[in-house]
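# Inside the fold
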Amino acid sequence: MIKRAHIRHFLAVADSGSFKQASARLHVTQPTVSTSIAELERLVGSPLFVRDRRHVRLTEAGGAFLPIARDLEAGFRRADQFGRAMPQPWPGLKLGVIPTVSGAMLETVVRELARDFGIELVEGDDRSLRGDLAAGKIQLALTLLGEDETGCSVHPLLEEPYVLVMPGTHRLADAAWIAPEDLAGDIMIARRSCEVLQRTSRFFTAAGVRPRFALRSDNEDRCMRMVAAGLGVTVAPRSLAPDGTATAQITGYGLRRRLGLVRGPGFPAEAEERLTATLEIVTVSLPSLALRSRDAPS
């Protein structure tokens with residue numbers, strides 16, 4: 001007879017792509033998960049996973065069984081809650097976020113996750129959030145992704161350039177591309193939370209641009225609002241540009257970033273469905289969160 005433990009173990013392995021990560025997520029030993037999957041395969045009469053040294057992936061039968069397993073787990077949850085009020089633990093999910101994520105993107109992610117879970121936000125840079133994920137202090141992080149970072153625990157959301165953000169009334173507001181020397185006389189605003197601050201500083205110094213600064217701040221909202229107010233210009237990811245500003249790419253600069261959600265080993269199995277729904281909603285919203293890059297000049 002198929003038991004709920006079989007279903008939970010199957011879903012954990014299918015979602016994590018790893019027996020080791022599945023056991024950590026479920027707080028059981030790896031042999032327990034392996035034995036449970038072997039029993040399930042015997043009960044259904046077919047191998048559900050292809051196992052090799054580097055990867056665990058679903059067989060054709062496993063792929064067909066996956067929606068059945070999700071329906072069964074959802075039914076088990078409804079049965080657990082039937083006829084009684086279930087206390088909602090808080091926080092249900094700890095979400096780490098880097099400071100340079102736009103408010104619009106974070107609002108969309110949190111709104112969707114908060115439909116089912118109490119959310120606690122933990123702020124930090126990418127390095128500290130990665131450490132918190134590994135240590136189980138947070139379960140999910142909205143952070144920077146490496147250029148080639150992939151895997152079942154990585155969910156890319158947005159790739160965008162760092163651009164010049166300037167007041168909508170700036171003399172170069174209609175330009176698609178700007179040479180660094182065109183900014184030699186401009187006053188700038190330094191975003192001290194910027195992940196590429198030092199590289200940006202070296203770029204302008206190499207181009208002979210040594211600007212004056214009207215503001216140096218860790219507060220992203222304040223920096224961007226002061227650009228909109230006409231206090232100065234700044235370099236920022238395109239998705240941070242607020243209403244009332246214009247953006248242009250900088251010749252020879254070329255820095256970009258990838259943003260996404262990264263699941264830690266402690267990510268709760270019961271949050272999988274909501275995460276999938278969140279990813280779908282955020283992906284649909286992306287065109288309004290960040291405009292596509294313009295083509296490079298010929």
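Because the structure is predicted, anything quoted here is derived from the model rather than measured. Residue positions are given per chain, counting from 1 as you read along its sequence in written order. Reporting in this predicted model follows two pLDDT cut-offs: at least 70 for local features of residues, and 80 or more for side-chain atom pairs to be given and counted; totals over whole chains, interfaces and linings ignore these cut-offs and use all residues. The side-chain numbers reported here are obtained from all heavy atoms of the structure, hydrogens and water having been left aside.

### Some points on the overall build of the protein
Secondary structure counts use DSSP, requiring at least four H or I residues in a row for a helix and at least two E residues in a row for a strand, with both numbered from the N terminus. What the protein contains, in helices and strands, is nine helices and twelve strands. Once the C-alpha set of the protein is aligned to its principal axes, its extents read approximately 75 × 45 × 30 Å. Within the protein, the proportion of its 298 residues that are buried is 46%. Residue pairs in contact within the protein that sit at least 24 positions apart in sequence constitute 75% of those at least 6 positions apart. A residue counts as positive if it is Lys or Arg and as negative if it is Asp or Glu; His and the chain ends are not included. A charge is said to be at NZ when it belongs to Lys, at CZ for Arg, at CG for Asp and at CD for Glu. Each charge class in the protein was averaged separately, 38 positive and 35 negative side chains, and the resulting centres sit 3 Å apart. Exposure categories follow from relative accessible area, calculated using a 1.4 Å probe and restricted to protein chains: below 20% of the type maximum is buried, above 50% is exposed, and the middle band is partly exposed. Contacts are assigned to residue pairs with any non-hydrogen atoms lying within 4.5 Å of each other.

### Digging into the nonpolar core
Only buried residues count toward a nonpolar core, which is a set of Ala, Val, Leu, Ile, Met, Phe, Trp, Tyr and Cys residues joined through side-chain atoms within 4.5 Å. Ranked by size, the top nonpolar core spans 31 residues in total, and within it Leu95, Val101, Leu140, Leu142 and Leu261 carry the most contacts. Of all the elements in the fold, those that place two or more residues in this core are strand S3 (93–97), helix H5 (103–113), strand S4 (119–123), helix H6 (126–135), strand S5 (140–145), strand S6 (154–167), strand S12 (256–263) and helix H9 (272–289). Per element, the largest residue contribution to this core is five residues, and it comes from S5. In contact with valine 101, not counting residues within four places along its chain, are Leu106, Leu142, Leu240 and Leu259. Membership of the second largest hydrophobic core comes to 20 residues, among which are Phe204, Ala246, Ala248 and Ile250.

### Let's talk about the packing of aromatic side chains
Note on ring pairs: Phe, Tyr and Trp rings are taken, using the six-membered ring of Trp, and paired if centres are within 6.5 Å. Classes follow the plane angle, with under 30 degrees stacked, over 60 edge-to-face and the rest tilted. A complete count under the given rule lists five aromatic pairs for this structure. On the basis of an interplanar angle of 45° and a centroid distance of 5.4 Å, the ring pair of phenylalanine 10 and phenylalanine 49 is categorised as tilted. Separated by 39 residues along the polypeptide, phenylalanine 10 in helix H1 (residues 4–16) and phenylalanine 49 in strand S1 (residues 49–51) bring together distant segments of the chain. Among the aromatic residues, those joined into a ring-pair cluster are Phe10, Phe19, Phe49 and Phe65.

### Focus on helix H2 (residues 19–26)
Within H2 the residues assigned to the buried category are Phe19, Ala22, Ser23, Arg25 and Leu26. Considered in projection along H2, the buried side chains sweep an arc of 160° and stay on one side of the axis. Here a polar contact is recorded for every N or O atom pair within 3.5 Å, except that within protein the pair must consist of a potential hydrogen donor and a potential acceptor, and residues adjacent in sequence are included only if both atoms are side-chain atoms. The opening residue of H2, the one whose side-chain oxygen lies 3.2 Å from the backbone nitrogen of lysine 20, is serine 18. Phi turns positive, to about 60°, at histidine 27, one or two residues after H2. As used here, the arc is the angular range of directions from the helix axis to the C-beta atoms.

### Side note on H1
Helical geometry note: an α-helix holds 3.6 residues per turn, so side chains three or four residues apart project in the same direction. Residue count minus one, scaled by 1.5 Å, sets the expected span of a helix. With 13 residues, H1 should reach 18 Å at 1.5 Å per residue; the first-to-last C-alpha distance of 18 Å fits that figure. The set of residues buried in H1 consists of His6, Ile7, His9, Phe10, Leu11, Ala12, Val13, Asp15 and Ser16. The positive-phi residue at the C-terminal boundary of H1 is glycine 17, with phi of around 70°.

### Quick look at the side chain of arginine 191
In this fold, arginine 191 is placed in strand S8 (residues 187–191). Taking relative accessible area as the criterion, arginine 191 reaches 1% and is therefore assigned buried. The residues touching arginine 191, leaving out its near neighbours within four places in the chain, are Thr100, Leu197, Ser217, Glu220, Cys223, Met224, Thr234, Val235, Ala236, Pro237 and Leu240.

### A word on the side chain of serine 36
Mapping serine 36 onto the fold places it in helix H3 (residues 30–44). Contact partners of serine 36, with chain neighbours within four places excluded, come to Ala5, His6 and His9.

This is a description of form; function is not addressed.
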